[in-house]
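So the chains spell out like this:
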Amino acid sequence: IPAGVAMAQALLILLVVWLVMGISIRHPFILAWMLVIASFTFLGIVFFLIKTLGDVGKILAMLLLAFQVSASGGVMPVELSGSLYAQLSPFLPMTWVIMGIKACMFDAFDGNWMSPMFLTVLWGLFFYLASCYLGHWNYVSRHHIAKTVDI
């Protein structure tokens, strides 16, 4: 179910940008792949954090999201954000997703969408493989489901 929701989100974003907002996209099908890969990558990161850290992983996932939005260059250029963001930006998955999206939509970065897409796939594979070997799921019956966050 989460993978289906992630794919639906990605395709909905594409449709809104393309059809509702009317933005001209240079490579729409490659952009669709980039968005789906990015959705699955971030789903893998969230699964990894929750599986290894439990409820603390949920909090870290939200903090990582907020940090990545600031440091990825999607909202404003990284150079204007501060030295910490500029130093950590290349090590964040969202930085590569943003670069890939810009390359697919506007032929930015000389149209090089392949490198960011490849790095995004690597990030996703890393977290999916890591979650296979680290942590465990806590299975509870339907009658014992408690609060979402219990710290």
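Residues numbered from 1 in each chain as written. Predicted model: local features only at pLDDT ≥ 70, side-chain atom pairs only at ≥ 80, totals over all residues. Heavy atoms only, no water.

## Some thoughts on helix H3 (residues 55-71)
Operational definition: Secondary structure elements follow DSSP: runs of H or I of four or more residues count as helices, runs of E of two or more count as strands, with numbering from the N terminus. Here, expected helix span is obtained from the residue count minus one, scaled by 1.5 Å. The criterion used for residue contact is that any of the two residues' heavy atoms lie within 4.5 Å.
The terminal C-alpha atoms of H3 lie 25 Å apart, and with 17 residues this matches the ideal 24 Å at 1.5 Å per residue to within 8%. Elements that come into contact with the buried residues of H3 comprise helix H2 (28-53), helix H4 (83-88) and helix H5 (93-106). Where H3 terminates, the next one or two residues include Gly73, which has phi positive at roughly 90°.

## Topic: a nonpolar patch on the surface
Put simply, the test is: A residue counts toward a patch only above 30% relative accessible area and without a salt bridge, and it is joined to like-charged neighbours within 9 Å or, for Val, Leu, Ile, Met, Phe, Trp and Tyr, to nonpolar neighbours within 5 Å. Per-residue accessibility takes into account occlusion by the displayed protein chains alone, with areas from the Shrake-Rupley method and a 1.4 Å probe. Every case where a carboxyl oxygen of Asp or Glu lies within 4 Å of a side-chain nitrogen of Lys or Arg is listed as a salt bridge.
The grouping of Leu12, Leu15, Val16, Trp18, Leu19, Val20 and Met21 at the surface amounts to a nonpolar patch, some 710 Å² of accessible area in total. Position of Leu19 among the secondary structure elements: in helix H1 (residues 2-20).

## A closer look at the packing of aromatic side chains
Basically, it comes down to this: A pair of Phe, Tyr and Trp rings is counted when the ring centres sit within 6.5 Å of each other, with Trp represented by its six-membered ring. The angle between the planes then sorts it: under 30 degrees is stacked, over 60 is edge-to-face, the rest tilted. For each residue, the accessible area found with a 1.4 Å probe, counting protein chains only, is set against the maximum for its type, and the residue is called buried under 20%, exposed over 50%, and partly exposed in between.
Within this structure, the stated rule accounts for four aromatic pairs. Both rings, one in Trp123 and one in Phe127, keep their centres 6.0 Å apart while their planes meet at 10°; by these two values the pair is stacked. With Trp123 and Phe127 both in helix H6 (residues 114-133) and four residues apart, the pair spans about one turn of that helix. Residue Trp123 is classed as partly exposed on the basis of its relative accessible area of 23%. Take Phe127: its relative accessible area is 12%, and that puts it in the buried class. Pairing Phe126 with Phe127 gives two aromatic rings, centres 5.1 Å apart and planes at 80°, and the pair type is edge-to-face. Members of the aromatic cluster, joined through ring pairs, are Phe48, Trp123, Phe126 and Phe127.

## Here's the deal with the confidence of the model for the protein
Counted only if it meets this: By definition, pLDDT measures how confident the predictor is in each residue, and it falls between 0 and 100.
Averaged over all residues, the pLDDT of the protein is 89; the fraction at 70 or higher stands at 96%. In the model of the protein, H4 stands out as the element of lowest mean pLDDT, 86, in contrast to H6, which has the highest, 95.

## Notes on the layout of surface pockets
Where we set the bar: We place a 1 Å grid over just the protein atoms. Points where a 1.4 Å probe fits but has no way out form a cavity, open points with protein on both sides within 12 Å along at least 5 of 7 lines form a pocket, and any residue with an atom within 4 Å of a point lines it. Grid points are joined across faces, edges and corners, and a volume is the space filled by probe spheres set on the points. Polarity classes work like this: nonpolar for Ala, Val, Leu, Ile, Met, Phe, Trp, Tyr, Cys and Pro, charged for Asp, Glu, Lys and Arg, and polar for all others, with Gly in that last group.
Looking at the largest pocket, its volume works out to about 800 Å³. Along the walls of the largest pocket sit 30 residues, with Ile13, Ala38, Ser39, Phe42 and Met94 positioned nearest its centre. Those elements giving two or more residues to the lining of the largest pocket turn out to be H1, H2, H3 and H5. The dominant element in the lining of the largest pocket, judged by the number of residues it contributes, is H2, at nine residues. Partitioning the lining of the largest pocket into residue classes produces 24 nonpolar, four polar and two charged.

## Here's the deal with the side chain of Thr120
With respect to the helices, strands and loops of the structure, Thr120 is situated in helix H6. Other than its neighbours up to four places away in sequence, Thr120 contacts Met34, Ile37, Ala38, Thr41, Trp96 and Val97.

## What to know about the environment of Leu88
One can find Leu88 in helix H4. The exposure class assigned to Leu88 is partly exposed, which follows from its relative accessible area of 33%. Considered as a pair, Leu88 and Ser72 are 16 residues apart in the sequence and their alpha carbons are 9.0 Å apart.

## Concerning the packing of H5 against H6
How we decide: Axes, fitted as lines to C-alpha atoms, cover a helix only where it is in contact. Angles between the N-to-C directions of the axes lie from 0 to 180 degrees. Here roughly perpendicular refers to angles of 65 to 115 degrees, roughly parallel to angles under 35, roughly antiparallel to angles over 145, and oblique to all remaining angles. We call a crossing left-handed when the near helix sits turned anticlockwise from the far one by less than a right angle, and right-handed when that turn is clockwise.
With their axes 8 Å apart at the nearest point, H5 and H6 run at an angle of 150° to one another. The angle between the axes of H5 and H6 places the two elements in the roughly antiparallel class. Our pair here, H5 against H6, has a crossing hand that is left-handed. From H5, Pro93, Trp96, Val97, Met99 and Gly100 reach across to H6, where they touch Pro116, Leu119, Thr120 and Trp123.

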